[in-house]
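# Architecture at a glance
So the chains spell out like this:
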Amino acid sequence: MKDIVHIDLNAFFAQAECLRDKSLVDKPLAVGYDGRRGVVATCSYKAREFGVHSGMPMSMAKELCPQIIIVEGHYEYYRYLSKKFFGYLKKRYPILEQASIDECYIDMTKEIDHEDIHGYLFDLQLALYRSTMLKCSIGYGANKFLAKMGSDYKKPMGLTILTKGKVSKLLWPLPIEKMFGIGIKTAPRLRALGILTIGDLAQTIDPAVRKVLGSSFEYYQGEANGYGDDFVDPSLFDPKSCSAERTFSEDITEYDEIRDMIRICSQEVSRELKKYHKKAKVISIKLRDDTFRTWSRRMTLPHSIQEAGEIFSQAMTIFDRCYADEKLRLIGVGVEKVSPEKGEDDEDR
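Attention here is on the structure that accompanies the text. (Residues numbered from 1 in each chain as written. Predicted model: local features only at pLDDT ≥ 70, side-chain atom pairs only at ≥ 80, totals over all residues. Heavy atoms only, no water.)

Turning to the overall build of the protein, a few remarks are in order. Helices and strands together make up the secondary structure of the protein, namely 14 helices and 12 strands. For 349 residues, the compact-globule estimate of 2.2 N^0.38 gives 20 Å, and the C-alpha radius of gyration of the protein, at 22 Å, lies within 12% of that figure. Over its C-alpha atoms, taken along the principal directions, the protein stretches across nearly 65 × 50 × 45 Å. Look at the contacts in the protein between residues 6 or more apart in sequence, and 62% of them connect residues 24 or more apart. Per element, the accessible surface of the protein, about 18200 Å² overall, is 51% carbon and sulfur. Across the protein, 52 positive and 52 negative side-chain charges occur, with their mean positions spaced 2 Å apart. (Helix = DSSP H or I, 4+ residues; strand = E, 2+ residues; numbered from the N terminus. Rg over C-alpha atoms; globule rule 2.2 N^0.38 Å. Contact = heavy atoms within 4.5 Å. Areas by Shrake-Rupley, 256 points an atom, 1.4 Å probe, with all protein chains shown as cover. Lys, Arg positive; Asp, Glu negative; His and termini not counted. Charge placed at Lys NZ, Arg CZ, Asp CG, Glu CD.)

Structure (structure tokens):
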């Protein structure tokens, strides 16, 4: 059995802004654009007490919390802090998998003190804070799923040991929407079938539930019972997709303005691909209209691409096929099936 740890920086962007400006500490804070079409990128725990959460329209956040302080993001600074945080961890733990800018998995099978797991991880949590001034939550388990659920169990500065023996006590009572991997569209469908908690999923034999989850039923039920993948990949952070999107200040239908925004998004995606020396074979666009209806369309290409001009051209091809003069509030461009620059696709050409 392995010792897997998940470390998650708490409300990372909001934490970073508090480091930049100490007057923001313990204040209701949201990071994002303060405009009619602004969206909360993340928020402080003080703001969450009022019901504010990530992805919420900024206008709604201000209704829920009139005293909220809104700060536009400083993403270069976030990347700097992230690099510092992971740099500290990588010096101590060679088997570390960075999952995003603010979270990672670590295989501590040969590192952790089994005489006092809680004390060992508590010391690590404090050492990280002293070194970087960043607060994090830590979860421990025999696999990545349990470790991830453990780090989410209590925030901020939580520390949860989620062994298989504790699954029925700690994991099963949680609402099904709290289960990592169960999306906002799937959770209501499961609740409609009586799957209200993770424990319900762990024990169900209902064929209707199996139908909802399809081929992933055994996978999710296994995780709900405490099983899961325990392989931590220490290779460099390797995005499998990337995207960029923009929210318009006002709903628009002007073709030229939409096209210009698609070009800007394509340039951002291209920069991200080049940063990681990647190319992509699937292009997608995302549209959201004035009623908040959101849909996406994608296209698989005959060969992988990386340049902004090619991404823009393919994105416009998709857009022209599906756009029907709706009033748009958001446009996005994304790529999938990302592979190294010198992959098989390029050799065939």
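Counting residues in hydrophobic clusters, the biggest one holds 31 residues, and the most contacted among them are Ile258, Ile262 and Phe319. Counting only elements with at least two residues in this core, the list comes to strand S9 (242-252), helix H12 (255-275), strand S10 (278-289), strand S11 (294-305), helix H13 (308-322) and strand S12 (328-340). Sorting elements by how many residues they give to this core places H13 first, with seven residues. Non-local contacts of Ile258, meaning those with residues more than four positions away in its chain, are made with Phe248, Ile252, Thr253, Phe319, Tyr323, Leu328 and Ile331. Counting residues in hydrophobic clusters, the runner-up holds 29 residues, among them Val5, Phe86, Leu128 and Ile161. (Core = buried A, V, L, I, M, F, W, Y, C linked by side-chain atoms within 4.5 Å. Buried < 20%, exposed > 50% of the residue type's maximum accessible area, 1.4 Å probe, protein only.)

A few words now on unusual backbone geometry. Cis geometry is adopted by the peptide bond preceding Pro156, which originates at Lys155 and carries an omega value of -5 degrees. Mapped onto the elements of the fold, Pro156 is located in the loop between helix H6 (144-153) and strand S8 (159-161). Although it is not a glycine, Met157 sits at a positive phi angle of roughly 55 degrees. For Met157, the location among the structural elements is in the loop between H6 and S8. Taking the relative accessible area as the measure of exposure, Met157 reaches 29% and is therefore partly exposed. A positive phi angle is found at Lys337, which is not glycine, with a value near 50 degrees. Among the structural elements, Lys337 can be located in strand S12.

All right, on to helix H5 (residues 117-132) then. Helix length check: H5 (16 residues) gives 22 Å between terminal C-alpha atoms against 22 Å at 1.5 Å per residue, within 8%. For H5, the set of buried residues is Ile117, Gly119, Tyr120, Leu121, Leu124, Gln125, Ala127, Leu128 and Thr132. Looking at the buried positions of H5, the neighbouring elements they touch are strand S1 (4-9), helix H1 (12-20), helix H4 (75-92), strand S7 (136-141) and S8. Phi turns positive one or two residues past the end of H5, at Met133, with a value near 65 degrees. (Expected span 1.5 Å × (residues − 1).)

The next point concerns a nonpolar patch on the surface. A cluster of nonpolar side chains, contributed by Phe50, Met60 and Leu64, occupies part of the molecular surface with about 240 Å² of accessible area. As for its placement among the helices and strands, Met60 is situated in helix H3 (residues 58-64). We classify Met60 as partly exposed; its relative accessible area is 39%. (Patch = residues over 30% accessible without salt bridge, like charges linked within 9 Å, V, L, I, M, F, W, Y side chains within 5 Å. Salt bridge = Lys/Arg side-chain N within 4 Å of Asp/Glu carboxyl O.)

This part is about the side chain of Thr160. Here Thr160 lies in strand S8. Accessibility expressed as a relative area gives 7% for Thr160, which makes it buried. When neighbours within four sequence positions are excluded, Thr160 is seen to be in contact with Ile138, Gly139, Tyr140, Gly150, Tyr153, Lys154 and Leu170.

This next bit is on the sheet that holds strand S4 (residues 69-71). Pairing is mixed across the open sheet formed by three strands, whose spatial order is S3-S2-S4. Each edge of the sheet is formed by a strand with only one pairing partner; in this case those strands are strand S3 (40-43) and S4. Averaged over all adjacent pairs, the angle separating strand axes in this sheet is 30 degrees, with direction ignored. In the sheet, strand S2 (residues 29-32) pairs with S3 via three bridges, with the strands oriented antiparallel. Paired with Val31 across the strands is Thr42, a residue of S3. (Pairing = 2+ DSSP bridges. Axes fitted to C-alpha atoms, helices over the stretch in contact; angles between N-to-C directions.)

For strand S6 (residues 103-107), the buried fraction is high: five of the five residues fall into the buried class. The alternating pattern of S6 places Glu103, Tyr105 and Asp107 and Cys104 and Ile106 on opposite faces, both of which are buried. Looking at chain direction, strand S5 (residues 96-100) and S6 are connected through four bridges and run antiparallel. In the sheet register, Leu96 faces S6, and the bridge partner there is Ile106. Following S5, the chain reverses through two residues before pairing antiparallel with S6.

A word on the pattern of salt bridges. Applying the stated criterion to the full structure yields 21 salt bridges. For the salt bridge of Glu76 with Arg79, the shortest nitrogen-to-oxygen distance reads 2.6 Å. One end of the pair is Glu76 and the other is Arg79, both in helix H4 and three residues apart, which spans about a single turn. Classification of Arg79 as partly exposed rests on a relative accessible area of 37%. Here Asp289 ties to Arg293 by a salt bridge, and the two come within 3.3 Å at their closest N and O atoms. Arg293 sits in the partly exposed class, given a relative accessible area of 43%.

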